[in-house]
Amino acid sequence: MADRDPLVPIPVEIRAKLAELELELSEGDITQKGYEKKRCQLIGAFLPQIPAADAAQERRPSLASRRRRLSGSRDERYRSDVHSEAVQAALAKHGQRKMAVPMPSKRRSLVARNSAYTPPDTSSGSEGEDSEEDHGVQEQDEGGNTAVAGALSLHAEHRVGRVGSSAPDADSSTTSSSSSAGSGVAARVRQAKVLAQHVCVSAHRLRLHQQHRKPEMPSAPPDVTSSTNNAAAATADEIQGEKKSEGGHRQTCKYGNAELMETGDGVPVSSRVSAKIQQLVNTLKRPKRPPLQEFFVDDFEELLEAQQPDPDLPKAEGAQMEPAQGEELGAESPCLEAALQRWASVSPKAPCLTSVDANGKPFCQLTYGKLWSRSVKVAYNLSHKLGTKQEPLVRAGDRVALVFPNNDPGSFMTAFYGCLLADVVPVPIEVPLTRKDAGGQQIGFLLGSCGVSVALTSDLCHKGLPKSPTGDILHFKGWPKLLWIVTESNHLSKTPRDWLPRIRDPGPDTAYIEYKTCKDGGVLGVTVSRAAMLTHCRALTQACAYTEAETIVNVLDFKKDVGLWHAVLTSVMNMLHVVSIPYALMKVNPLAWIQKVCQFKAKVACVKSRDMHWALVAHRDQRDINLASLRMLLVADGANPWSVSSCDAFLNVFRTKGLKSGIICPCAGSPEALTVAIRRPAKDASETPPRGVLSMYSLSHGVIRLDSDDKLAVLAVQDVGRVMPGAVMCAVKMDGVPQLCKSDEVGELCVRTVATGSSYYGLSGRTKNTFEVVPVTSAGTVVDDSPFTRTGLLGFVAASGLVYVAGKIDGLMAVGGRHHNADDIVATALAVEPMKFVYRGRIAVFSIEVLHDERIVVVAEQRPDSTEEDSFQWMSRVLQAIDGIHRVGVYCLVLVSPNTLPKSPLGGIHLCETKQLFLEGALHPSNVLMCPHTCVTNLPKPRQKQPGRRRTHVHTLGRASRGLRIFWLVTEIGPASVMLGNLVSGKRIAQASGRDLTQAEDSHQFQFLSEVLQWRAQSTPEHVLYTLLNSRGATASSVTCSQLHKKAEKVAAMLAERSHLRDGDHVALLYPPGMELIVSFYGCLYAGCVPITVRPPHPRDVATTLPTVKMIVEVSCSVCVLTTQVISKLLRSKEASAAVDSRTWPPILDTDDLPKKKAPLLYKPSNPDTLAYLDFSVSTTGMLAGVKMSHAATSALCRSIKLQCELYPSREVAICLDPYCGLGLVLWCLCSVYSGHRSILIPPCELESNASLWLWAVSQHKVRDTFCSYGVVDTSTRGLAMQTDALKSRGVDLSRVRTCVVVAEERPRTSLTRSFSKLFKDLGLQSRAVSTAFGCRVNMAVCLQGTSGPDPTTVFVDMRALRHDRVRLVEKGSPHSLPLMESGKILPGVRIIIANPETKGPMGESHLGEIWVQSSHNSSGYMSVYGDEAPPSDHFASRLSFGDTHSQWSRTGYLGFLRRTQLTDANGERHDALYVVGALEEAMELRGMRYHPVDIETSVVRTHKSIAQCAVFTWSNLLVAVVELAASEQEALDLVPLVTNAVLEEHYLIVGVVVVADVGVVPINSRGEKQRMHLRDGFLADQLDPVYVAYNM
């Protein structure tokens, strides 16, 4: 404002004209150009000359001003001209280095839903200090700052964040930019190649897989999750050269219609989504984080980075403050009840209260005589008419609730004084409007803890309470059962003439309880004793100089705080006449309180800065205003620093209306300390109250530093007067011991006086910390023997004795060791062009704790006419402004639809409820912008892996070795640096083995499965081997040994006759799960062919599934295809031809009509090492892998399973698995023939129509052993969760089940198996029977729970230790504990060792490593594209780098560890348990640590009930989380903050992109495993159709 200019004093009349001119501009009565012209004419003589360039810039009207609304008014609560100009200047600085941030992607349906207009609630204003009603238009700068605003309006910044200036960051940015540019060129080159033709399989990709895929140097931008730099980072040219040296151009496998363009590392980039991610990566190249020291923390505990103290930070340097003493309290006075009785007898017709209705007309005039008589009547009924004489319902000292609306102060005063006269304790609360009022449950908890059983209310309020259909008042959630009493005279019994209440002397007994809402949303009851109430009224009388028969106009809430203290209590003591203005009238007529001041010639008015602002808007409509009668204008929220501008503007405008300059009296108070300080009316009208312009940055450190107005981050504070009479005040440190602050230090104000609250009702611990504080000096001496009371206010006492308040404790947010006030953040946000995008009075700022620090969250209601882009730009500018002014980052900025935030009883935003909804994911925002990269600076230090070093170790063995000296080279093998015997670094080497397979009886009986089938067809021809069940549980077909042999002979004959196949030719088998698949499999073995089982295409999704089938057929070099007639027609259909050219298929043979003649001669392999069959499957990373299984390996595998599970011809086994790959194929097709047991086959697809089919079959056939997949377990758990009783009534009994093995190639899903066991426990299923199996590509069955082994064990490991490849066992329920279930007992003939995947050295039991396996049933190798053996690779023939270097091992590609348990095997030895942690190729290297996707996904799924599934992956070192939304799209944006918070809290990682998609988007294969790489490809190709995509900054 003009009065802030520090040059020449401006006369009073000029200031008044400036204020008038400003209001004309705010109401649209004058243009911006006219405003500037007139303003320059008025103050031109008082300002220095502006240079020509600046003057031209100043005359340029801003674009924002042209969009200004032409009606309404401004909200002055958070307005400060100095602060507005500072915000614009801060934004101008950001404009010089603006950075683009990708806008979030939102589905059109969601945009349409969010854009639906909801009329804003006109009652959005609040009596509280956390919200104001929006009447206003956009603010305009008054200090000649329109040039800056005009320049800013043409630049839409999208990014907030201070750019670091360190050299390493700059180098990193340069390197990243060059890499990105190089990858972009490569992508364009590959684009033409990829789009030219459709490729079904990538030969180069498979070849790389056979070589175990050496990792390529990524050409994408560097890791933005850490600020360390890779010294060996390759440029784009080096990467391109390296790829060329690997041979040829690179083509990538395409699935379905996923024809994608790729970056240098094979990642699709030519889509809208990937371009935004690239934009985000470029934005985050130089994150706002100080550089971290490069070292390796070799410890289990991941230490969060501690803020290093800066020696240049502001520090308090003054002397220790001295407690401030108030003036002496005057003579004592009688208690309030005696004063009321006195005025009722002396002046019974003296006016006590005049209530005004919503139309401005008086509707209730209460005299002191009426108040006394009605209060006595209420007291009599409370004491004698409730309950019986022997057992009265209300006794002396009991608590009674007062429930009265804000427009009925007369009934409230009557009930309040009636309670005092009846010696009961009133508890005033707000009127509950609905059963789900914001904060209503906490009010109910307070009433319950106070033992309230009676509620007093008015007749009108009683009728308005929500009622049930029977007419009874509804029971509010959390509330005790209440007896509602109406206090009107016609509802009460008449008082006997001889009955008078006993007036008690003031003492320590509780007079009333005032409720207080805490920062965490809880409600506390502050008890005020009778002595404190009386002393407080005496102090207010003395400070305000109240005299009898004065008139006071009250606009405040009369049930609490300043309104209660002045308008209800002190008014009766001094026989004042109170004119009460309801809030409803203020919304209609903002000038109502001024009109009543003029009408009643009021001496005192109790208002808030909001009421003063509203009066400024409407005062020109009234020409007869005269405020000369006012001697004191009490500002209840004057302690709020942002009320200064309202006080100044009101004084400037109404000074010509008779308002005296020294009568504006701000005050400060709290429920605990009552009135803390109050400014006395100035005796000298020309005296200007002092102001303090403080540095916000210094205040955030708790230090007072005066600053000039030309600084950016300043806070103007006004004094709230002196200490109350009879009180002593001091300021103590906010944290720790209550030590006195220094003179230049901000602390919590504490007072020592009788006039304070005495306790929190029922909370002795919190009472002691608040009401019994003993301040001490820096030397540790006690300041005063009497205890002080904490006020909850932050401030200081100046040397002049004036008290200054800078904020509230509840509004403080401690971020990074600094304290920020929520009101300051609100003021800054509202200074950024708020009127175009959000409602001014509907904004909330709070903090949430994430990763051991508080994070700032801003929530605002968005205007319905603002576009998505405009709102996003406004959010970006708010981030910039807060960062520039407060030097702190905003963690999350949320925009919600109009009129959707929870409201307090008086219409404002309920801050605690808003915060709770945000944390619960129930806020339903329309826009979200998160900045974890900017705000979270205390992440654990990244793990820095040391470069490898080659060392020579020499060990001398004992006498048995005759002193041989053995040398070996070690290449940085970490903990396995020294090995002797079976010890590694002092710990037992992690190796184990199953039973010896050579001791089996049938170890050399048969070497080929075809011979086994022929032998069984001769020896037991009628023995049933297979029984297939349909969806109804009936037997669809069965086959005996003889039948299977004969049908297989016919298939062999057909192959020999029609296809003329040679020995060793490959044949693809395309069958649904059933007998045909088994028959054709053995038919191929009889014909000397190599079968390849392939899942047939899905009839309803041919376009997607058929290319995968065609790819397997081509890669396996199949010369023909065996299938059914139905599938044969499907392959030749038009729909199939559109996906795959039907002419490219090899010969397709239909086996429905087999020839009747058998093969002339059955094929017998000459060598057991020849190929038996090929096993093809797609891994979770999207890699198609085909492994070779020899006849010897196949027989050895069946033999191991037979011995482990004790399978004999008399046994029956139920199998519910897909029979196309892995252990499912072995159990479905091979084991029954080898062992002779009967297999009951249940196709998993049948469970879609009958979820209970598998369990019913197990029960009906009395099966003891069953095998299934996680998909089957999940279907049974979800589909039968509510049907266990029905299954039990149908006779389903699972008590006979001995082993229920879940077959998978992943970490055991502990939670799912536990849920499954617990759910079907009532059906007899034992938890020990449920176990898992583990197999992989190199070995189909490594572990399988047998019948005689010990029960499977579960251990809990520290998840943080696993990230460092360490294993540390912890107790169940420990922080960061991860349950891991044993993967089954090691099969006979299998040896396992845990090796370092990088150095290939053996590891100890306490370390995580790759599982290496040695077995006779290992796979022979990968099948290459052309059918030839792959180049020599160590994947199937690896050797340890030291120790036993002669043995050959196969690398499973899975990480795990071994633990020797206390259990005993069947052979009497201690049991070695294998725990699989995850796949090595799926593990994510982030911040130098190894993360497993399943751990992050588990944390995400737990965050919200509407998350059905989750999958995470990385791209360009950004963590991407895809969540499936099992709810309405309205809840999509709720998940973004929850997902980010959960991953930060539990894994110390920042999620770069959050994708909210529909259910079913995450692809899952037949084994129930997530196809994360397919999901990544679909996301980057923009094929997911996500509901919402959030790019975290």
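Refer to the structure presented above.
Described below are features of the structure shown in this document. (Residues numbered from 1 in each chain as written. Predicted model: local features only at pLDDT ≥ 70, side-chain atom pairs only at ≥ 80, totals over all residues. Heavy atoms only, no water.)

**Thoughts on helix α30 (residues 1041-1059)**
Phase 1: Between its first and last C-alpha atoms α30 spans 27 Å; for 19 residues at 1.5 Å apiece the expected length is 27 Å, and the two agree.
Phase 2: If you check which residues of α30 are buried, you get C1041, S1042, L1044, H1045, A1048, E1049, V1051, A1052, A1053, M1054, L1055 and S1059.
Phase 3: Note on α30: the residue one or two positions beyond its end, H1060, has a positive phi of about 55°. (Helix = DSSP H or I, 4+ residues; strand = E, 2+ residues; numbered from the N terminus. Expected span 1.5 Å × (residues − 1). Buried < 20%, exposed > 50% of the residue type's maximum accessible area, 1.4 Å probe, protein only.)

**Things to note about the sheet that holds strand β30 (residues 927-930)**
Phase 1: Pairing is mixed in the open sheet, where four strands are placed in the order β27-β28-β29-β30. Each edge of the sheet is formed by a strand with only one pairing partner; in this case those strands are β27 (838-849) and β30. Between one strand axis and the next, the sheet turns through 15° on average, direction left out of account.
Phase 2: Summarising the sheet, strand β29 (residues 890-896) and β30 pair through four bridges and their orientation is antiparallel. Each bridged residue has a counterpart across the sheet, and for V894 the counterpart in β30 is V928.
Phase 3: Against the sheet, helix α25 (residues 822-830) makes contact with β27 and β28 (854-862), and its axis sits at roughly 140° relative to β27, the strand it touches most.
Phase 4: Running at roughly 65° to β27, helix α27 (residues 911-920) makes contact with β27, β28 and β29 of the sheet. (Pairing = 2+ DSSP bridges. Axes fitted to C-alpha atoms, helices over the stretch in contact; angles between N-to-C directions. Contact = heavy atoms within 4.5 Å.)

**Some words on the nonpolar core**
Phase 1: W874, Y891, I1496 and L1519 are the most contacted members of the largest nonpolar core, which totals 99 residues.
Phase 2: With eight residues, helix α26 (residues 868-886) is the single largest residue contributor to this core.
Phase 3: When neighbours within four sequence positions are excluded, I1496 is seen to be in contact with M1484, Y1491, V1512, L1519, V1543, H1547 and L1549. (Core = buried A, V, L, I, M, F, W, Y, C linked by side-chain atoms within 4.5 Å.)

**Notes on the side chain of T1284**
Phase 1: Within the secondary structure layout, T1284 lies in helix α39 (residues 1284-1289).
Phase 2: In this view, T1284 contacts L1319, F1320 and L1323; residues no more than four positions away in its chain are not counted.

**Re the environment of G884**
Phase 1: Counting through the fold element by element, G884 comes out in helix α26.
Phase 2: Expressed as a C-alpha distance, the spacing of G884 and A713, which sit 171 residues apart in the sequence, is 8.3 Å.

**Re the pattern of salt bridges**
Side chains that carry opposite charge are capable of pairing whenever their charged atoms lie near each other.
Phase 1: Considering all chains together, one arrives at 43 salt bridges under this definition.
Phase 2: Measuring nitrogen to oxygen at the nearest pair gives 2.1 Å for the salt bridge that ties R504 to D509.
Phase 3: Residues R691 and D648 are paired through a salt bridge, measuring 2.7 Å at the closest nitrogen-oxygen approach. Taken together, the positions of R691 in strand β17 (residues 691-695) and D648 in helix α22 (residues 644-654) put the pair 43 residues apart, joining distant regions of the chain.
Phase 4: The class for R691 is partly exposed, based on a relative accessible area of 34%.
Phase 5: On the basis of relative accessibility, which here comes to 8%, the residue D648 falls in the buried class.
Phase 6: Through salt bridges with shared partners, a single ionic network connects E337, D423, R504, D509 and R530. (Salt bridge = Lys/Arg side-chain N within 4 Å of Asp/Glu carboxyl O.)

**Here's the deal with the packing of helix α12 (residues 336-346) against helix α13 (residues 368-384)**
The relative placement of two packed helices is expressed as an angle between their axes plus a distance between the axes.
Phase 1: For the pair α12 and α13, interaxial distance at closest approach is 8 Å and the crossing angle is 125°. Compared by their axis directions, α12 and α13 come out oblique. Considering only the axes of α12 and α13, their crossing is left-handed. Contacts from E337, L340, Q341, W343 and A344 of α12 reach α13 at Y368, G369, L371, W372 and S375.
Phase 2: Looking at the contact of α12 with α13, its residues break down into six nonpolar, three polar and one charged. (Parallel < 35°, antiparallel > 145°, perpendicular 65-115°, else oblique. Left-handed = near helix turned anticlockwise from the far one by under 90°. Nonpolar A, V, L, I, M, F, W, Y, C, P; charged D, E, K, R; others polar.)

**A closer look at the environment of S1116**
Phase 1: Residue position: S1116 is located in the loop between α32 (1102-1115) and β41 (1118-1123).
Phase 2: A residue is classified by how much of its surface remains accessible, and S1116, at 1% relative accessible area, is buried.
Phase 3: Note: C-alpha distance between S1116 and M1423 (307 residues apart in sequence) is 7.2 Å.
Phase 4: The contact partners of S1116, leaving out residues within four places of it in the chain, are H1066, I1092, L1174, F1176 and M1423.
Phase 5: A distance of 3.2 Å separates a polar atom in the side chain of S1116 from the backbone oxygen of V1113. (Polar contact = N/O pair within 3.5 Å; in protein donor to acceptor, adjacent residues only side chain to side chain.)

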